[in-house]
Amino acid sequence: MIEKQYPNLKETVLTETLNNGLKVVLIPKADYHKTFAVMTTPFGALDTRFQMNDELPIDIPAGTAHFLEHKLFEKEHSDAFTRFGELGADANAFTNAYQTSYLFSTTQNLKQALEHLLDFVQQPYFSDKTIAKEQGIIGQEIQMYEDDSNWAVYMGLLQLMYPNAPLAEDIAGTKASIAKITPALLYNIHRAFYQPKQMTIQLVGRFDPKTILAIIQENQNKKHFDDVAVQRFEAPITPPNKQVAFKKFDVSRPKIALGIRLPENNLTGQEATKFMLVADILADMLFGEQTDWYQNLYNKGIIDTEFETSFDLLRSYQFVSFFSETTEYDKLADAIAQQIANYRTVLAGKMSDFESLRRATLGEGIQRLNSLESIALRGDDVLFGTNLFDKIMLLQELTYNDILDSAEKIYQNAQLQRFVLQK
Amino acid sequence: MKKIQLKKGVNLVVLPTTQFKTLHIAVDFVAPLQDTDVAARSLLTYLTAVSSKKYPSQQVVAQETINLYGAQYQTDVLRFGQTHHVRYTLQVPAPIYVGQKNTLLHDAFNFLRDMIFDPLVENNQFDQVTFAKEQQSLINELDSLSDDKNRYAVSKLRELTYNEPTMKVSSSGRVSAVKALTSADVYAAYQNMMTDDTMNLIVFGDVDESRIVSEFKTWPLVDHQEKNLQPFYRQELLETPHESFETQADINQAILTLGYRLALAPDDPRRFVALVMNALFGGSPLSKLFVNVREKESLAYSIYSRWQHDTGFMIVAAGLDVDKVSQTKHMIQAQITAIQSGDFSDDTLSAVKSSLINDYLSQQDSPTSEIELAFSRLLTHRETRVNDWVRAVESVTASDVAKLAGNVILQSQFTLLPEA
């Protein structure tokens, strides 16, 4: 195992790639009581078309990654979820734009639970019958999301910024798109994206690393997998066709989302993670609670503590977003536009503000390390290969000039788009 | 758990640990729940979250939390049965990880002291400008809580279930009561809290007791009136369940909520049986509600039960299609009957117990849970050791569960329906 130490954080990461390509990442935490394990494939809602070896390319209907996640738990004669329950382990799974993850946490029966995780993820069972039933359940789930106003405003903004792009589709898809899913499609995706060389299994918590590695190795040695060459085709990102949209919705106050769509991202690795960290601190310097800008709007009742900004960088997509609940959304939009227009003046001479925000961001990162789930899931492991510890260490290196540079990249010529939910 | 009495009615518990990378200071003001002052107590947590004499605006408060290495300063109101809690918490990174071994702890104590004990007050009222703003914020928050349909339905169920008027109120108060408050009213509530409430303090992290006690010497702590708090609420049985419904536009799914009485005495050892029974009924993914109602029959997308030992009730909430409400209600009731007649396997029972034990042991990996547990021990004067807790759950038998299920009686039903 390759050992990487983070002495400042008192953390150690052990990594090993098995013969079949499966990547194992172990982060032992001796004074914890539970162990958190997560098995991940970098396959998510953004994947719309792929090719295996020299076979014909395959199209993936919206919602398929999430659908497969649900279906993987169901086996011919048993339910994988129930088995975790019998072991006293707490299991779950999730799908986002760029990954699907299967996870459990437990204080007991770790070996059995770990073997079970590997087995149920690697041994699929898909049939016409189980797929038909799932189409009903997910149909309800989609409807439930549609009743959620926060979700509706978020999706509304994405559709405005990225019309027809996979990012703007509900991760669960639509009733029509999931109706196209067949067992053959799911088996093909499994063969491509769930083969060991695509996957990572990560454990954080109380365990002996050697024992765990041996359990995983022994389990993998018993299995045979086809080695498949996989090529992904990214869906093209088309330009937006309007700047403003409204939707009627039963909310007590209007909800507004504003976004700035940035050019397609080409950063990878630590560069990408660093850019995200800088962009977050930059947003804090311009729009954070401690700024005069925020306070002025807060005092006028235009925003409240629900106001949020966010910077996202995922694969080619790159955007800034703002969310608020307010009746005076025109004033808020004007104020954001104004602050963006003034960014150079606002940032000038703010070196010490930057320094205290950098330290605070570092402090927040350290606080996050209490949680095993955060250690496993809050890094940029899947997108950029940087774990949460790398991310925190990168914060030590950031400079005020990084802020000024990224401000030019993000806010020069920024076009604000706006989506509003109201009665 | 060692309790140090700093003053009359002021208790401190220090929980030293190096497991985590944070330091926590938590302060709980506890009073008997009273319909008349919930709104004022709720609003004072908004005011003291964003202002004090030393840090007179939200901007300055935010700047100071940034200076404290990204501290999380939070104020909340909570309730436990018949007690109402105003809680202040401050979390900072463990000083050793940010190279501030000596000063950060002290600065954190000073900040929290200033926010709690030195509010932005003049002429016996909170600063008018801050007051007007925060009053509006709380009103907005209460309004938007009703946008969360599940939460809204559960709050309507609460109004329907309890006889006692104070029990019907949410911990944050009603919009109408918040609107009626003046700044002087809220300051009066603050002063009452400062003299009458029981005050419980918890410090959690890599700390030593003597240092903490000496930090508290800089706080203006005074004797508080010691009250005999009665946290647990119990209600007589209703002869017929209370039922009501409401229709709303712009929702797709219906929400069905049910309230069941399960009133055990606070110290009744059957509380462990109740925990297991709830988990078997609807409190876990292995439960009858989840497996039978959601998975097998696909009647509901979401469904759960929750047992509330503090109020003596168990509630069920389900999100479902409107044409399935009555069928689902019957099926929920049938699951209780099934448990009464012992219709569940030993495997499921033992899995449910393992899962409860797993959750319980896992709490030791969360500072928030550990602090919550310590507050609850101070309130209930009940302290079960980890091993005893695990053993008590392990020893629950199938017949214990079946027998206790006979005491579960439907008392209320509220349904939220989409407009036809």
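Residues numbered from 1 in each chain as written. Chains lettered and ligands numbered in written order. Predicted model: local features only at pLDDT ≥ 70, side-chain atom pairs only at ≥ 80, totals over all residues. Heavy atoms only, no water.

Side note on the domain arrangement of chain A
Residues and elements named next belong to chain A. Per the domain assignment, the segments of chain A are domain 1 (2-232) and domain 2 (244-422). When each unit is reduced to the centre of its C-alpha atoms, the spacing between domain 1 and domain 2 is 29 Å. Tallying the contact residues gives 42 residues for domain 1 and 40 residues for domain 2. For the pair domain 1 and domain 2, the summed buried surface comes to about 3400 Å²; carbon and sulfur atoms form 73% of the total. Area buried by domain 1 at its contact with domain 2 is led by Leu160, Met161 and Tyr162, which between them contribute 18% of it. For the pair domain 1 and domain 2, the interface holds three salt bridges. Inspection of the region where domain 1 meets domain 2 yields twelve residue pairs in polar contact (both at pLDDT 80 or more). Counting residues per element, the ones that place at least two in the side of domain 1 that touches domain 2 are strand 1 (2-6), strand 2 (11-17), strand 4 (35-41), helix 5 (149-161) and strand 9 (200-205). Counting residues per element, the side of domain 1 that touches domain 2 draws most heavily on helix 5, which supplies ten residues. In terms of residue class, the side of domain 1 that touches domain 2 is made up of 25 nonpolar, eight polar and nine charged. (Domains from an automatic or database assignment. Contact = heavy atoms within 4.5 Å. Buried area = accessible area lost by both parts, 1.4 Å probe. Salt bridge = Lys/Arg side-chain N within 4 Å of Asp/Glu carboxyl O. Polar contact = N/O pair within 3.5 Å; in protein donor to acceptor, adjacent residues only side chain to side chain. Helix = DSSP H or I, 4+ residues; strand = E, 2+ residues; numbered from the N terminus. Nonpolar A, V, L, I, M, F, W, Y, C, P; charged D, E, K, R; others polar.)

What about the packing of helix 13 (residues 346-362) of chain B against helix 15 (residues 386-394) of chain B?
Residue and element names in this part refer to chain B. One way to put it is that helix 13 packs onto helix 15 with a least axis distance of 9 Å and a crossing angle of 165°. Classified by the interaxial angle, the pair formed by helix 13 and helix 15 is roughly antiparallel. Like other packed secondary-structure pairs, helix 13 and helix 15 cross with a definite hand, here right-handed. Here Lys353, Leu356, Ile357, Tyr360 and Leu361 of helix 13 come into contact with helix 15, specifically with Val386, Trp389, Val390, Val393 and Glu394. When its residues are assigned to classes, the contact of helix 13 with helix 15 shows eight nonpolar, no polar and two charged. (Axes fitted to C-alpha atoms, helices over the stretch in contact; angles between N-to-C directions. Parallel < 35°, antiparallel > 145°, perpendicular 65-115°, else oblique. Left-handed = near helix turned anticlockwise from the far one by under 90°.)

Section: the domain arrangement of chain B
Residues and elements named next belong to chain B. Once the domains are mapped, chain B shows domain 1 (4-216) and domain 2 (242-418). Here the C-alpha centre of domain 2 lies 30 Å away from the C-alpha centre of domain 1. With 31 residues of domain 1 at the interface, the matching set in domain 2 holds 33 residues. Both sides together, the interface formed by domain 1 and domain 2 hides about 2700 Å², and carbon and sulfur atoms give 74% of it. Linking domain 1 to domain 2 there are two salt bridges. For Arg87, the salt bridge is made with Glu372, and the minimal N-O distance between the two is 2.8 Å. Viewed at the interface, domain 2 and domain 1 are joined by nine residue pairs in polar contact (both at pLDDT 80 or more). Considering each element in turn, the side of domain 1 that touches domain 2 owes the most residues, nine residues, to helix 5 (residues 149-161). Taken together, the residues of the side of domain 1 that touches domain 2 break down into 16 nonpolar, ten polar and five charged.

Description of helix 11 (residues 288-296) of chain B
All names here are of chain B. Among all positions of helix 11, only Lys288, Leu289, Asn292, Val293 and Arg294 are buried. End-on, the buried residues of helix 11 take up no more than an arc of 165°, which puts them together on one face. Looking at the buried positions of helix 11, the neighbouring elements they touch are helix 10 (271-283), strand 11 (300-308), strand 12 (313-320) and helix 12 (325-340). Ser298 occupies a position one or two residues after helix 11 and carries a positive phi of about 50°. (Buried < 20%, exposed > 50% of the residue type's maximum accessible area, 1.4 Å probe, protein only. Arc of directions from axis to C-beta.)

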